Amino acid sequence: MTSDTSDSPCALAVDVGTSSVRVFLYDRLLRNLGGSQLPYVWSTTPDGGVEIAADLVVDHAIAAVDRALAGDFTRPSAVPSAGDPSDANPPDATMPRAARTIAAVGVSAFWHTLVGVGADGAAVTPIYAWSDTRAARAAAVLRERLDERAIHARTGAVLHPSYLPARLLWLRESLPDLHRAVRWWMSAPEYLGLRLFGERRVSVSMASATGLFDQHRQTWDDEMLGAIDLSPDALSPIADVDAPCAPLRAGFAARWPALRGVPWLPAAGDGACANLGSGCVTPDRVALSLGTSGALRVMARADRVEIPPGLWCYRLDRERPLLGGAISNGGSVYRWAASMFQLPPAAELEAALEVLAPDAHGLTMLPFLAGERSPDWPPAARAAIAGITLHTTPVQIVQAALEAVAYRLALIRAPLAAHFPSARTVVASGGAIANSRAWARIIADVFGEPLLVARDEEASSRGAAMLAFALAGIPSEPPARLPSSELIEPDPARHARYAEALERHRSLDAMLTPLPPRS
């Protein structure tokens, strides 16, 4: 392995996430050389809406690229593994180098977004997030009309407000004038691509998570399009991640001389990129992502895949499907608690959580602030906390919230383990888990199995960089270990206590959360 890569080409990774746009440079050893991050905030409505101005997200992405190319870098976090400082990036690898050549650009983006675009190429609607629950009634209507089990077996998605079929039906019926003004429907990264390249294109990866995609034929699904009266011409042509986008429009080519003529990939789903970037590309490794939301995913290689009940199927590309489940509430639950209660400073709170006994607060929480998805896919779940007394403290509520998120992940881990019995290594990444060892320990104890935690937050952008290097035909050499990784072993006594608490959690969930009828 060559250690000096200062003059070798780099990949630029653009990561359009739920809470920010992050743009980083990577060398071919997949070391993060630095970049920029620009956050944004979604608007919410009392009836469950979650949306943001489409051009705001695109403008943030453009500005983040500006800053990264100008060398206005944020140094990537480099937290050494416990007792092993050699895992941190060496100083010379993280210093920005303005003279580096960029070989290709990879894009990672969050799944399940929707924006309507007019014939002039301008956004007509805001971007609607996967956590927007206003389409719950439309999802119920589709369940009455269609055979959901057959739909799930073919598209990898259930009929739920987080997917596009229900959202498109809701828009048609609730906002007909707005719906009629739309010429094309696309995801947030597709709209970014339209602005940058002047073409409509969606990757297999992004299309696979819409609920409108036939996983086996790998085309738009005729029955779902017919059910919502949508022409395939209203959707983008499907490409794969090995087919570069058109050249940058003249204005952007002039703005970014370093990217003139550089191939860009169409965006791939952030979860798929996270599997790639964390080394979870075989059926024996499970990727756990915990950021604003959370997910567990296993990647396989198969043309046709059996999709178990409760799980979804999306793709990295035509050859690599992912099976998994997603929860709607992760780091967002922690942020909610921080905004609601008078908590100690972050370091003090983390220390307090580290020493608390498991499930000793007498609370049972359903963390459904943004609804819920896997494994039961309730259309209109709501959060609840039971067991509060005059003695309950804010720190105990935070602990109960973190434990509740871990329980939701455990409910996905069980069917994944049944379908992939060889998947015994769980690799965790994402900002929420990278910044809280206490939470990582809770998850390991709830699962009752070791958790390999990557302390950096960039599995998705690293995966996008790997796709970029592959497109450019440049071998990239992932590190033998994840950056700053730590293995957390479960405690058997804590696991036994959490097993009892999980049953209490499930009982409250069954009592308070209505489930949709299944055909």
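Starting afresh in each chain, residues are numbered from 1 along the sequence in its written order. Note on the predicted model: pLDDT of at least 70 is required for a residue's local features to be given, and 80 or more for side-chain atom pairs to be given and counted; whole-chain, interface and lining totals, by contrast, use all residues. Excluding hydrogens and water, the side-chain values take into account all heavy atoms of the structure.

Chemist: Mind showing me how you'd approach the overall build of the protein here?
Modeler: Here a strand is any run of E in DSSP of at least two residues, a helix any run of H or I of at least four, and the numbering for each starts at the N terminus. In terms of helices and strands, the protein carries 18 helices and 23 strands. Its C-alpha radius of gyration of 22 Å places the protein within 12% of the 24 Å reference for a compact globule of 519 residues. Overall, the protein is about 65 × 60 × 45 Å in size when its C-alpha atoms are taken along their principal axes. A 1.4 Å probe rolled over the protein chains alone gives each residue an accessible area, and that area as a share of the maximum for its type sets the label: buried under 20%, exposed over 50%, partly exposed in between. Residue burial in the protein is summarised as follows: out of 519 residues, 60% are buried. Accessible surface, the protein: about 19700 Å² in total, of which carbon and sulfur atoms supply 56%. We compute the radius of gyration over the C-alpha atoms and compare it with the globule rule, which gives 2.2 Å times the number of residues raised to the power 0.38. To be clear on the numbers: accessible area is Shrake-Rupley with a 1.4 Å probe, and residue cover counts the displayed protein chains and nothing else.

Chemist: Even after reading the chapter, I still don't get helix α7 (residues 188-197), so can you show me in this structure?
Modeler: Since one α-helical turn is 3.6 residues long, residues separated by three or four positions face the same way. Where burial is concerned, most of α7 is hidden: 9 out of the 10 residues are buried. Of the residues making up α7, those classed as buried are Ala 188, Pro 189, Glu 190, Tyr 191, Leu 192, Gly 193, Leu 194, Leu 196 and Phe 197. Where α7 ends, the next residue or the one after it, Gly 198, has phi of about 75°, a positive value.

Chemist: What should I look at first to understand the nonpolar core in this one?
Modeler: Side chains of a nonpolar character, in soluble globular proteins, are inclined to be buried together. Counting residues in each nonpolar core, the largest one holds 110 residues, and the members touching the most others are Leu 212 and Trp 264. Among the elements that take part in this core, helix α1 (residues 54-69) stands out by supplying 8 residues, more than any other. Contacts were defined at the residue level, with two residues in contact if any of their heavy atoms lie within 4.5 Å. Here Leu 212 is in contact with Leu 164, Pro 165, Leu 168, Thr 219, Trp 220, Asp 221, Met 224, Leu 225, Ile 228, Leu 230 and Leu 235, once residues within four sequence places are set aside. Counting residues in hydrophobic clusters, the runner-up holds 49 residues, among them Val 405, Ile 433, Ala 444 and Ala 501. In these notes, a set of buried Ala, Val, Leu, Ile, Met, Phe, Trp, Tyr and Cys residues joined through side-chain atoms within 4.5 Å is what counts as a nonpolar core.

Chemist: In this structure, what is going on with the packing of α1 against α7? I would like to understand it.
Modeler: A pair of packed helices is characterised by two quantities: the angle between their axes and the separation of those axes. Axis definition: a line fit to C-alpha positions, over the contact stretch in the case of helices; interaxial angles, taken between N-to-C directions, run 0 to 180 degrees. The contact between α1 and α7 brings their axes to 10 Å, and the two run at 65°. For the crossing formed where α1 meets α7, the hand is right-handed. Note on element contacts: α7 touches α1 through Tyr 191, Leu 192, Arg 195 and Leu 196, opposite Ala 54, Asp 55, Val 58, Asp 59, Ala 61 and Ile 62. Classifying every residue of the contact of α1 with α7 gives 7 nonpolar, no polar and 3 charged. Here is the rule for handedness: rotate from the far helix to the near one, and if that takes an anticlockwise turn smaller than a right angle the crossing is left-handed, while a clockwise turn gives right-handed. Only Asp, Glu, Lys and Arg are considered charged in this grouping, and only Ala, Val, Leu, Ile, Met, Phe, Trp, Tyr, Cys and Pro are considered nonpolar; every other residue, Gly among them, is considered polar.

Chemist: Sorry, what's going on with the packing of helix α13 (residues 346-355) against helix α16 (residues 437-447) here?
Modeler: Two numbers describe how α13 lies on α16: the axes approach to 8 Å, and their chain directions differ by 25°. Viewed along their axes, α13 and α16 adopt a mutual orientation that is roughly parallel. Seen along the crossing, α13 lies across α16 with a hand that is left-handed. In contact with Glu 350, Leu 353 and Glu 354 of α13, α16 contributes Arg 437, Ala 438 and Arg 441. Considering only residue class, the contact of α13 with α16 consists of 2 nonpolar, no polar and 4 charged. Roughly parallel covers angles under 35 degrees, roughly antiparallel covers those over 145, roughly perpendicular covers 65 to 115, and oblique covers all other angles.

Chemist: It is not clear to me how the packing of aromatic side chains should be interpreted in this structure. Could you clarify?
Modeler: Where two aromatic rings form a pair, the distance of their centres and the angle of their planes describe that pair. Planes of paired rings set the category: under 30 degrees apart is stacked, over 60 is edge-to-face and the rest tilted, where pairs are Phe, Tyr or Trp rings (Trp by its six-membered ring) whose centres lie within 6.5 Å. One pass over the structure, following the stated rule, counts 12 aromatic pairs. With a centroid separation of 6.3 Å and an interplanar angle of 25°, the aromatic rings of Trp 256 and Trp 264 are classed as stacked. For Trp 256, a relative accessible area of 2% puts it in the buried group. Considering the side-chain rings of Trp 336 and Phe 341, the 5.8 Å spacing of their centres and the 85° angle between planes classify their relative orientation as edge-to-face. Overall, the relative accessible area of 24% leaves Phe 341 in the partly exposed class. By the ring-pair criterion, three or more aromatic residues cluster together here, those being Trp 111, Tyr 163, Trp 312, Tyr 314 and Trp 377.

Chemist: Looking at this model, I keep getting lost on the side chain of Asp 445. Mind explaining?
Modeler: Considering the arrangement of structural elements, one finds Asp 445 in helix α16. Among all residues touching Asp 445, those that are not within four sequence positions of it are Glu 489, Pro 490, Asp 491, Arg 494, His 495 and Tyr 498.

Chemist: Would you mind showing me how to read the environment of Glu 449 here?
Modeler: Mapped onto the fold, Glu 449 is located in the loop between α16 and β22 (451-454). The exposure class assigned to Glu 449 is buried, which follows from its relative accessible area of 15%. Among residues more than four places away in sequence, those in contact with Glu 449 are Arg 413, Arg 424, Val 426, Ala 444, Ile 488 and Pro 490. In protein, a polar contact means a hydrogen-donor-capable atom and an acceptor-capable atom, both N or O and within 3.5 Å, with residues adjacent in sequence counting only if both atoms are side-chain atoms; elsewhere, any N or O pair within 3.5 Å suffices. Polar side-chain contacts of Glu 449 include one of 2.6 Å to the side chain of Arg 413.

Chemist: Please clarify how the sheet that holds β22 should be interpreted in this entry.
Modeler: Paired through their backbone hydrogen bonds, the strands of a sheet run either parallel or antiparallel. Any two strands with at least two DSSP bridges between them are considered paired. Read from one edge to the other, the open sheet built from 7 strands follows the order β17-β18-β16-β15-β21-β22-β23, with strand pairing classed as mixed. The sheet is open, and its two borders are formed by β17 (312-317) and β23 (485-488), each paired with just one other strand. Taking the axes of each pair of neighbouring strands and ignoring which way they run, one obtains an average angle of 30° across the sheet. Pairing between strand β15 (residues 285-290) and strand β16 (residues 294-299): 4 bridges, direction antiparallel.

Chemist: Could you clarify how one ought to interpret the sheet that holds strand β4 (residues 43-44) in this entry?
Modeler: Spatially, the 3 strands line up as an open sheet ordered β4-β5-β8, and their pairing is antiparallel. Both edges of this open sheet fall to β4 and β8 (127-128), since each of them pairs with a single strand only. In this structure, strand β5 (residues 50-52) lies alongside β8, joined through 2 bridges in antiparallel fashion. Bridge assignment links Glu 51 to a residue of β8, and that residue is Tyr 128.

Chemist: Help me understand the environment of Asp 376 in this model?
Modeler: Structurally, Asp 376 can be placed in the loop between β19 (364-366) and β20 (384-386). Distance in space between the C-alpha atoms of Asp 376 and Ala 153 is 16 Å, their sequence separation being 223 residues.

Chemist: Would you explain the pairing of strand β18 (residues 320-327) in this entry?
Modeler: As a general feature of sheets, a regular strand has side chains that alternate between the two faces. Burial runs high along β18: 8 of the 8 residues are buried. Burial of the side chains of β18 extends over both faces: Arg 320, Leu 322, Gly 324 and Ala 326 are buried on one face and Pro 321, Leu 323, Gly 325 and Ile 327 on the other. Of the strand pairs in this sheet, β16 and β18 are connected by 6 bridges, and their pairing is antiparallel. Counted as the bridge partner of Arg 297 is Gly 324 from β18.

The values are spatial; any link to function lies outside them.
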